[in-house]
Amino acid sequence: MKTINKKITTPDGFILDVIVFEPETPAKTEVFMCHGLTGSKDTKRNTLLNLAEKLCENGMRVIRFDFRGHGESSGIDLDVNLDSFIIDLDTVMRSERSDLQFMMFGFSFGGFTVSEYIHKKISIQRK
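This section reports on the structure supplied with the text. The structure displayed is predicted, hence computed values, not measured ones. (Residues numbered from 1 in each chain as written. Predicted model: local features only at pLDDT ≥ 70, side-chain atom pairs only at ≥ 80, totals over all residues. Heavy atoms only, no water.)

### Topic: the side chain of aspartate 88
In this structure, aspartate 88 sits in helix H2 (residues 82-96). Discounting chain neighbours no more than four positions away, the residues touching aspartate 88 are Thr10, Leu16, Phe65, Phe67 and Arg68. (Helix = DSSP H or I, 4+ residues; strand = E, 2+ residues; numbered from the N terminus. Contact = heavy atoms within 4.5 Å.)

In structure tokens, the structure reads:
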């Protein structure tokens, strides 16, 4: 397994800190992890790190990132709301998503962001 640190810029100019866990063998699936409103990609570090490593050992590519105003990403916590979290998630998805099957999950507000992101994508596809 190898880890790759990246910086990705959102359309509205925020720089997001991203870490990608790449498995030794070709990935079967991608997993996008979203932290909560008061957290960061490194909150509960041992739990999230252990989970990311275990998923990667099982052939999954894992993408963890800090939303704007959190962790190592630019901005301050006053810059955040549901719309900004959705922009950040969409930016990471567009940058890191491949043709693999993918999963997304989040903690607290990150989980709400995931559900709203999926709802918006489904709504757009139905139009």
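### Focus on the pairing of strand S2 (residues 15-22)
For S2, the tally of buried residues reaches seven of eight residues, placing the bulk of the element in the interior. With eight bridges connecting them, strand S1 (residues 2-9) and S2 associate as antiparallel partners. Considered in S2, the bridge of asparagine 5 is made with isoleucine 19. Where S2 lies against strand S4 (residues 60-65), four bridges are found, and the strand directions are antiparallel. Opposite isoleucine 19, over in S4, you have arginine 64 as the bridge partner. (Buried < 20%, exposed > 50% of the residue type's maximum accessible area, 1.4 Å probe, protein only. Pairing = 2+ DSSP bridges.)

### What about the pattern of salt bridges?
Across all of its chains, the model carries 14 salt bridges by this definition. For glutamate 96, the salt bridge identified is with lysine 6, shortest N-O distance 3.0 Å. Of this pair, glutamate 96 sits in helix H2 while lysine 6 sits in strand S1, and the two are 90 residues apart along the sequence. We classify glutamate 96 as buried; its relative accessible area is 4%. (Salt bridge = Lys/Arg side-chain N within 4 Å of Asp/Glu carboxyl O.)

### A short note on the environment of threonine 29
One can find threonine 29 in strand S3 (residues 29-34). Exposure remark for threonine 29: the relative accessible area of 7% places this residue in the buried category. C-alpha separation for the pair threonine 29 and aspartate 99, spaced 70 residues apart in sequence, amounts to 9.1 Å. The contacts of threonine 29, once residues within four sequence positions are left out, are Gly59, Met60, Arg61, Leu100, Gln101 and Met103.

### A look at the environment of glutamate 72
Following the sequence through the fold, glutamate 72 ends up in the loop between S4 and H2. As a C-alpha pair, glutamate 72 and lysine 41 span 31 residues in sequence and 8.8 Å in three-dimensional space. Not counting residues within four places of it along the chain, the set of residues in contact with glutamate 72 comprises Lys7, Asp17, Lys41 and Asp66.

Everything listed here is a matter of coordinates, which is why it stays silent on function.
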